[in-house]
Amino acid sequence: MIIPAHIWTPWFSLFGAFSGFDSIEDCYQDQTKNIHAVETGLSSDPPMNWRLSSLDRYTLVSNSDSHSPWPWRIGREANALVLYELTYRGIVEAIMRKGVNRVEFTIETDPSYGKYHWTGHRRCGVSMSPIEAIKLRNICPVCGRKLTKGVSQRVEELADRPDGFKPKNVPGYIHLLPLSEIIQVTKGYSSPNVRQVWSAYSKLIDRFGDEYTVLMEAPAKEIAETTDSEIAGSVISVREGRVKITPGYDGVYGKIDLLTGKENVKTKARRRGTLDDFL
Ligand SMILES: [Zn+2]
Ligand SMILES: [Zn+2]
């Protein structure tokens, strides 16, 4: 089984703006029969891929694409499978949608977080949405050269369905962000790789066992008890989708701008008077 990785990335990927393929068959020809799934990459999520009817017969999977050794890159995207038999065959059957095993949902970063969501030029500090880029005919207003076309623009070019279309019987998905980066942004550090971030991160892992439990299930009150109410508020904001991200472009990661809802936890705490010790 072959699963093409991050199929939308501009450089050297299946649908990449610079690789020249508009369909799976054009790219893989007689080997297309061995492809049962495609990996959506960080810069796209299932709703973006659902806009191509030609992808309906492929299972969408999401992997970490962890090229670097930083631990916060591991598991930033993942697949949740229901397996009646934890074997290679079971996993293959889930992906091929045969039998009782199945892909239940995928864990996604917000596609804006990915390094190629919008169109732009890294060196020129220029980034823009597909609509703006098309207006400028993909020419950089700073250097006059061709812009690096982002994933959202490429999806727009190949889509044969409107934004918001959802095919029947597809696995679900949730948006999360790496816990280390949530702590970093909340506390205003320049990198997740600082002692204070690791300290808060490790306390949470010690208490809840793993990062997904913190991100998806741990109660705000207990996160606040273990670290502080600001971090608790940010984790809940990410869980509930209340995050603003300046989209990534031309190899630059999206910037997590605002984790709203810090106020929520504080307000609740004041109202109920249970978190005051931690404020
Ligand atoms: Zn990769
Ligand atoms: Zn430029």
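The written sequence of each chain sets the order in which its residues are numbered from 1. All chains are assigned letters beginning with A, and all ligands numbers beginning with 1, in the order in which they are written. Local features are withheld for residues below a pLDDT of 70 in this predicted model, meaning they are given only at 70 or higher, and side-chain atom pairs are given and counted only at 80 or more; totals for whole chains, interfaces and linings count all residues. Computation of side-chain values covers all heavy atoms of the structure but excludes hydrogens and water.

Ranked by internal contacts, the top residues of the largest apolar core, which has 26 residues, are Leu-177, Leu-179, Ile-183, Leu-204, Ile-223 and Ile-231. Numbered from the N terminus, helices here are DSSP runs of H or I no shorter than four residues, and strands are runs of E no shorter than two. Sorting the residues of this core by element identifies helix H6 (179-187), helix H7 (195-208), helix H8 (211-216), helix H9 (220-226), helix H10 (229-239) and strand S8 (243-246) as the ones contributing at least two each. Top contributing element to this core by residue count: H7, with five residues. When residues of this core are sorted by domain, at least three fall in each of domain 1 (1-175) and domain 2 (178-279). With near-sequence residues (within four places) excluded, Leu-179 lies in contact with Tyr-201, Leu-204, Ile-205, Glu-211, Val-214, Leu-215 and Val-235. The definition of a nonpolar core used throughout is a set of buried Ala, Val, Leu, Ile, Met, Phe, Trp, Tyr and Cys residues joined through side-chain atoms within 4.5 Å. When accessible area is computed with a 1.4 Å probe and restricted to protein chains, residues below 20% of their type maximum are described as buried, those above 50% as exposed, and intermediate ones as partly exposed. If you look at the next biggest cluster of nonpolar residues, it comprises 17 residues, including Trp-8, Phe-15, Ile-24 and Ile-35. All the domain ranges listed were derived from an automatic or database domain assignment. Any two residues whose heavy atoms approach within 4.5 Å are treated as being in contact.

This part takes up empty space enclosed by the protein. Buried and open spaces are told apart on a 1 Å grid over the protein atoms alone, a cavity being a set of points where a 1.4 Å probe fits but cannot get out and a pocket being an open set with protein on both sides within 12 Å along at least five of seven lines. Residues with an atom within 4 Å of a point are the lining residues. Grid points are joined across faces, edges and corners, and a volume is the space filled by probe spheres set on the points. As enumerated under the stated definition, the model contains one cavity of 30 Å³ or more in all. Approximately 30 Å³ is the volume attributed to the largest cavity. Residue lining of the largest cavity: Phe-15, Ser-23, Ile-24, Glu-25, Ser-54, Leu-55 and Tyr-58, and that is the complete set.

This brings us to helix H3 (residues 88-96). Quick reminder: α-helices carry 3.6 residues per turn. Residues three or four places apart thus point the same way. Among the residues of H3, Gly-90, Val-92, Ala-94 and Ile-95 are the ones counted as buried. Residues of H3 that are buried make contact with strand S1 (37-39), strand S2 (59-61), strand S3 (78-82) and strand S4 (102-108). Backbone geometry just after H3 places Arg-97 at a positive phi near 55°.

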